[in-house]
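Take a look at the letters that make up each chain.
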Amino acid sequence: MIYHLETIPVWEAMEAETACPFCMLYQKLEQNEVERSLGGSVMEPDARIRVNETGICAHHHTILFAMQNRLGHALLCDSHSKEILMKLERTKIGGKSGLFSSAPNPCEKLAGEFRSLTSRCVICEDIDSHMKRYLYTFIHLWKTDKAFLRKWNESKGLCFPHAADLLDMAARQLSGNQQQEFAQSILDGRTDYTDKVTEVIHACLACGACDASCKICRYNLEPLEHNLALKNRAVSEGHKLP
């Protein structure tokens with residue numbers, strides 16, 4: 001796949017010197033996509049058709065609801081709900097017509113149909129498309145821009161999920177020797193506790209809100225256990241808040 005370069009936002013994220021530039025990029029993208037979803041695109045036929053067909057995940061529905069544009073959000077929910085009802089109407093079991101009229105395993109087929117109704121999110125897909133371009137741009141700048149390479153070597157590194165995404169992109173864009181060099185650059189000098197990292201670790205109150213949020217959205221992760229382990233390790237190594 002051919003990606004367009006997005007050098008300006010990637011450079012801005014690197015110059016911000018955050019704990020993870022891709023987290024910063026993701027947050028900006030998410031805010032922009034949510035605002036666009038409730039802006040003029042609400043009344044654009046092409047955008048409405050795409051939302052009706054694809055849907056929106058529970059996580060982004062929660063954010064849309066908090067934007068206080070109740071009319072725009074209601075229009076999205078109404079048209080998407082009508083699309084789902086039409087799909088359910090076409091989903092019949094038995095008889096001479098319908099999706100499952102001759103299906104050998106109707107329960108499995110119906111389960112798959114239900115999952116397909118909630119497995120996609122137009123906002124998530126748009127963010128993912130932009131993030132792939134940012135990852136590609138990062139690798140391009142790492143290969144071609146010496147100033148960017150110095151900035152990267154002086155940076156605080158990346159979070160684990162975005163480091164994995166970047167390594168996947170590097171595997172497709174770099175040669176064998178370049179991959180070895182880039183993978184080593186991910187690890188070099190980025191395992192120490194900075195003041196900001198220590199602050200973020202101890203900001204967790206172990207309230208369980210992150211676990212609850214992951215159960216509401218589609219990721220179903222268990223972040224609290226990892227947060228507690230990280231706090232324990234930081235304390236055991238002497239990294240406490242002043």
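Here we summarise the structure given alongside this text. Quick caveat, the model's predicted, so the values are computed rather than measured.

### Description of unusual backbone geometry
Then comes step 1: With a phi close to 55°, Glu17 is a non-glycine residue in the positive phi region.
Then comes step 2: One non-glycine residue with positive phi stands out, namely Gln68, at about 70°.
Then comes step 3: Within the secondary structure, Gln68 sits in the loop between helix H4 (58–66) and helix H5 (70–90).

### Examining a nonpolar patch on the surface
Then comes step 1: On the surface, a nonpolar cluster with roughly 290 Å² of combined accessible area is contributed by Leu85, Leu88 and Phe114.
Then comes step 2: Along the polypeptide, Leu85 turns up in helix H5.

### Describing empty space enclosed by the protein
Then comes step 1: Within the structure shown, the criterion is met by 1 cavity of 30 Å³ or more.
Then comes step 2: Space inside the largest cavity adds up to approximately 30 Å³.
Then comes step 3: Taken together, Ala13, Met14, Glu17, Thr18, Pro21, Ser155 and Lys156 make up the full set of residues lining the largest cavity.
Then comes step 4: Counted by class, the lining of the largest cavity contains 3 nonpolar, 2 polar and 2 charged residues.

### Some words on H5
Then comes step 1: The first and last C-alpha atoms of H5 sit 30 Å apart over 21 residues, in line with the 30 Å expected at 1.5 Å per residue.
Then comes step 2: All buried positions along H5 are accounted for by Gly72, His73, Leu76, Ser79, His80, Glu83 and Lys87. Buried residues in H5, looked at end-on, bunch into an arc of 140°, giving them a common side. Among the exposed residues of H5, those oriented more than 90 degrees off its buried face are Leu71, Leu85 and Glu89.
Then comes step 3: Against the buried residues of H5 lie helix H2 (21–37), helix H3 (45–54), H4 and helix H6 (106–118).

### A look at the pattern of salt bridges
Then comes step 1: A complete count under the given rule lists 10 salt bridges for this structure.
Then comes step 2: With its nearest N and O atoms 3.0 Å apart, the salt bridge here joins Arg36 to Asp126. Of this pair, Arg36 sits in helix H2 while Asp126 sits in helix H7 (residues 122–144), and the two are 90 residues apart along the sequence.
Then comes step 3: For Asp126, a relative accessible area of 14% gives the class buried.
Then comes step 4: One connected set of salt bridges, linked through shared partners, spans Glu33, Arg36, Arg50 and Asp126.

### Overview of the nonpolar core
Then comes step 1: By size, the foremost hydrophobic cluster in this structure holds 37 residues, and its most contacted members are Phe22, Ile56, Ile123, Phe138, Leu158, Leu166 and Phe182.
Then comes step 2: For this core, the secondary structure elements donating two or more residues are helix H1 (7–15), H2, H7, helix H8 (146–153), helix H9 (160–173) and helix H10 (176–187).
Then comes step 3: Of all the elements, H7 adds the most residues to this core, at 11 residues.
Then comes step 4: Not counting the four nearest positions on each side in its chain, Ile123 is found in contact with Glu33, Val34, Ser37, Ile56, His60 and Leu64.

### Topic: the side chain of Ser155
Then comes step 1: For Ser155, the position within the fold is in the loop between H8 and H9.
Then comes step 2: For Ser155, a relative accessible area of 19% translates into the label buried.

### Re the packing of H2 against H7
Then comes step 1: Running from N to C, H2 and H7 point in directions that differ by 145°, and their axes come no closer than 10 Å. For H2 against H7, the interelement crossing comes out right-handed. Packed against H2, whose contacting residues are Phe22, Leu25, Tyr26, Leu29, Glu30, Glu33, Val34, Arg36 and Ser37, the element H7 presents Ile123, Asp126, Ile127, His130, Met131, Tyr134, Leu135 and Phe138 at the interface.
Then comes step 2: Along the lines of polarity and charge, the residues of the contact of H2 with H7 split into 11 nonpolar, 2 polar and 4 charged.

### A look at the packing of aromatic side chains
Then comes step 1: Counted by the stated rule, this structure contains 7 aromatic pairs.
Then comes step 2: The interplanar angle of 45° and the centroid separation of 5.5 Å between the aromatic rings of Phe22 and Phe138 together place this pair among those described as tilted. Linking Phe22 in helix H2 with Phe138 in helix H7, this pair joins segments that are 116 residues apart in sequence. Phe138 matches Phe22 in its accessibility class, with the two residues each being buried.
Then comes step 3: Taking 5.1 Å as the distance between ring centres and 80° as the angle between the ring planes, the aromatic pair formed by Trp142 and Phe182 counts as edge-to-face. Taken together, the residues span a long stretch of sequence, with Trp142 in helix H7 and Phe182 in helix H10 at a distance of 40 residues.
Then comes step 4: By relative accessible area, which is 7% here, Trp142 ends up buried.
Then comes step 5: Residue Phe182 is classed as buried on the basis of its relative accessible area, which comes to 1%.

What counts and what doesn't
Residues numbered from 1 in each chain as written. Predicted model: local features only at pLDDT ≥ 70, side-chain atom pairs only at ≥ 80, totals over all residues. Heavy atoms only, no water. Helix = DSSP H or I, 4+ residues; strand = E, 2+ residues; numbered from the N terminus. Patch = residues over 30% accessible without salt bridge, like charges linked within 9 Å, V, L, I, M, F, W, Y side chains within 5 Å. Areas by Shrake-Rupley, 256 points an atom, 1.4 Å probe, with all protein chains shown as cover. Salt bridge = Lys/Arg side-chain N within 4 Å of Asp/Glu carboxyl O. 1 Å grid on protein atoms, 1.4 Å probe; cavity = no way out; pocket = protein on both sides within 12 Å on 5 of 7 lines; lining within 4 Å. Points joined across faces, edges and corners; volume = space filled by probe spheres on them. Nonpolar A, V, L, I, M, F, W, Y, C, P; charged D, E, K, R; others polar. Expected span 1.5 Å × (residues − 1). Buried < 20%, exposed > 50% of the residue type's maximum accessible area, 1.4 Å probe, protein only. Arc of directions from axis to C-beta. Contact = heavy atoms within 4.5 Å. Core = buried A, V, L, I, M, F, W, Y, C linked by side-chain atoms within 4.5 Å. Axes fitted to C-alpha atoms, helices over the stretch in contact; angles between N-to-C directions. Left-handed = near helix turned anticlockwise from the far one by under 90°. Phe/Tyr/Trp six-rings, centres within 6.5 Å; stacked < 30°, edge-to-face > 60°.

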